[in-house]
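The lines below spell out each chain.
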Amino acid sequence: MIRFEHVSKRYPGGINALTDINFELVQGEMAFLTGHSGAGKSTLLRLILMLEQATRGQVLVEGRNLSRLSMRTAPRIRQRIGMIFQDHKLLRDKTVFDNVALPLMIAGLRYADIRKRVRAALDKVGLLQRERAWPLALSGGEQQRVGIARAIVGMPPVLLADEPTGNLDPELSASLFQLFRELNSLGVTVLIASHDLALIRRMGQRVLVLSGGSLIDDIPALEGGGAA
């Protein structure tokens, strides 16, 4: 489903964000990506989403070699990937409902289907009663949950998350990670960048560890996938 083959990313000025990264996530697998700030977690996710292109090596998603695709194909690739951004990226001039509905509107779904899916996604993150609110009227944690609803509303086969619990309290963080587990049980491939080591340990899933742009450890999932 997702495969990195000797992937490196070098920025102008000689900054090596990633160096010779190799790993594979099979369809329906769930894994965490961890490491210190600046280890390369966000860059790795951006390569999968085609927000960046690898300097060397190959990034493959659903069998497509992203390294050989032009950036014009990026919107089509992104329709298959749900992305939870660290900074939410909500449109301030649109309501919560319209922010979550945006991917479905772009995909051309009927309004009746959009309404049903958006309300279901908002219910999952506990914000159904806020569907008509404006982003600026929400707390940071609520804005994060709107971003999560937008990422899952299209039921994508791949879900990426960049520090999704950064603005959530421990109880909401635990419930969010449980939501990721439920989505994964439905066959969604999930990759989460997080520094919440306590929750990661409780989940018992595979953990990829980055340090200085290198993959220094690949810890397998516990038998049974950890606590429910």
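This text goes with the structure placed above it.
A brief report on the enclosed structure follows. These numbers were taken from a predicted model, which means no experiment stands behind them.

Take the sheet that holds strand β9 (residues 206–211) next. One open sheet holds the six strands; their spatial order is β6-β7-β8-β3-β9-β10, and the pairing between them is mixed. Each edge of the open sheet carries a strand with a single partner, namely β6 (81–84) and β10 (214–219). On average, each strand axis in the sheet is inclined to that of its neighbour by 15°, with strand direction left out of account. With four bridges joining them, β6 and strand β7 (residues 158–162) adopt parallel strand pairing. Opposite G82, over in β7, you have L159 as the bridge partner. Relative to the sheet, helix α5 (residues 140–152) contacts β6 and β7, its axis offset from that of β6 by approximately 175°. Seen against the sheet, helix α6 (residues 170–185) touches β3 (30–34), β6, β7 and β8 (189–193) and runs at an angle of roughly 140° to β3.

Strand order in the open sheet made by the four strands is β2-β1-β4-β5, with antiparallel pairing throughout. Of all the strands in the sheet, the pair left with one neighbour each is β2 (15–25) and β5 (64–65). In this sheet, β2 lies alongside strand β1 (residues 2–11) in antiparallel orientation, the contact comprising seven bridges. Looking at the pairing, F4 lines up with F23 of β2.

The next thing to look at is the environment of A174. The topology assignment puts A174 in helix α6. Using a relative accessible area of 24% as the deciding quantity, one classes A174 as partly exposed. A sequence separation of 29 residues divides A174 from M203, and the C-alpha atoms of the two residues are 9.5 Å apart. If we skip the residues at most four places from it in the chain, A174 touches L199 and R202.

With that out of the way, let us pick up the environment of R145. You can see R145 is positioned in helix α5. Taking the C-alpha atoms as reference, R145 lies 28 Å from T73; in sequence the two are 72 residues apart. The residues contacting R145, other than those within four sequence positions of it, are V125, G126, L127, L168 and L172. Within polar-contact distance, the side chain of R145 engages the backbone oxygen of V125 at 3.0 Å.

Nonpolar side chains tend toward joint burial in soluble globular proteins. In this structure, F32, V100, V118, L159 and F180 are the most contacted members of the largest nonpolar core, which totals 39 residues. Taken domain by domain, this core gets at least three of its residues from each of domain 1 (1–80 + 157–220) and domain 2 (90–155). Setting aside residues up to four positions removed in sequence, F180 forms contacts with M30, I84, L159, A161, P164, V190 and I192. With 31 residues, the next largest nonpolar core counts I21, L25, F85 and A193 among its residues.

Right, let's talk about the pattern of salt bridges for a bit. Pairing is possible between side chains that carry opposite charge, provided their charged atoms lie close to one another. By the definition in use, this model includes twelve salt bridges. A salt bridge links K9 to E52, with the nearest nitrogen and oxygen atoms 3.6 Å apart. Of the two residues, K9 is situated in strand β1 and E52 in the loop between α1 (41–48) and β4 (56–61); the sequence distance between them amounts to 43 residues. Comparing K9 with E52, the two get one shared label, buried. Between E131 and R119 there is a salt bridge, with the nearest N and O atoms lying 2.5 Å from each other. Taken together, the residues E131 in the loop between α4 (111–124) and α5 and R119 in helix α4 connect sequence positions twelve residues apart. Take R119: its relative accessible area is 27%, and that puts it in the partly exposed class. What you see here is one network of salt bridges that share partners, running through R3, E5 and E24.

This part is about helix α3 (residues 96–107). When we look at burial in α3, the residues that qualify are V96, F97, N99, V100, A101 and L104. Where α3 terminates, the next one or two residues include G108, which has phi positive at roughly 85°.

Okay, empty space enclosed by the protein next. Tallied over the full model, the rule gives one cavity of 30 Å³ or more. Taken as a whole, the largest cavity holds about 70 Å³ of empty space. Residue composition of the lining of the largest cavity, grouped by class: five nonpolar, two polar and one charged.

Criteria and thresholds
Each chain has its residues counted from 1, following the order in which its sequence is written. This being a predicted model, a pLDDT of at least 70 is required before a residue's local features are given, and a value of 80 or more before pairs of side-chain atoms are given or counted; all residues contribute to the totals for chains, interfaces and linings. Side-chain descriptors were evaluated using all non-hydrogen atoms of the structure, hydrogens and water having been removed beforehand. Paired strands are those between which DSSP finds at least two bridges. Counting from the N terminus, the helices are the DSSP runs of H or I reaching at least four residues and the strands are the DSSP runs of E reaching at least two. Every angle, taken between N-to-C directions, lies between 0 and 180 degrees, and every axis is a line fitted to C-alpha atoms, over only the stretch in contact when it is a helix. Whether two residues touch is decided by their heavy atoms; if any such pair falls within 4.5 Å, the residues are in contact. Summary of the burial criterion: residues with accessible area below 20% of their type's maximum are buried, those above 50% are exposed, and those between are partly exposed, where the area comes from a 1.4 Å probe applied to protein chains only. Side-chain atoms alone can form a polar contact between residues adjacent in sequence; in general such a contact is a pair of N or O atoms within 3.5 Å, and within protein one must be able to donate a hydrogen while the other accepts it. What we call a nonpolar core is a set of buried Ala, Val, Leu, Ile, Met, Phe, Trp, Tyr and Cys residues that are connected through their side-chain atoms within 4.5 Å. Boundary definitions for the domains trace back to an automatic or database domain assignment. Just to be clear on terms, a salt bridge is a Lys or Arg side-chain nitrogen sitting within 4 Å of an Asp or Glu carboxyl oxygen. For each structure, a 1 Å grid was placed over the protein atoms alone; sets of points admitting a 1.4 Å probe that cannot get out are labelled cavities, open sets with protein on both sides within 12 Å along at least five of seven lines are labelled pockets, and lining residues have an atom within 4 Å of a point. Grid points are joined across faces, edges and corners, and a volume is the space filled by probe spheres set on the points. Polarity classes work like this: nonpolar for Ala, Val, Leu, Ile, Met, Phe, Trp, Tyr, Cys and Pro, charged for Asp, Glu, Lys and Arg, and polar for all others, with Gly in that last group.

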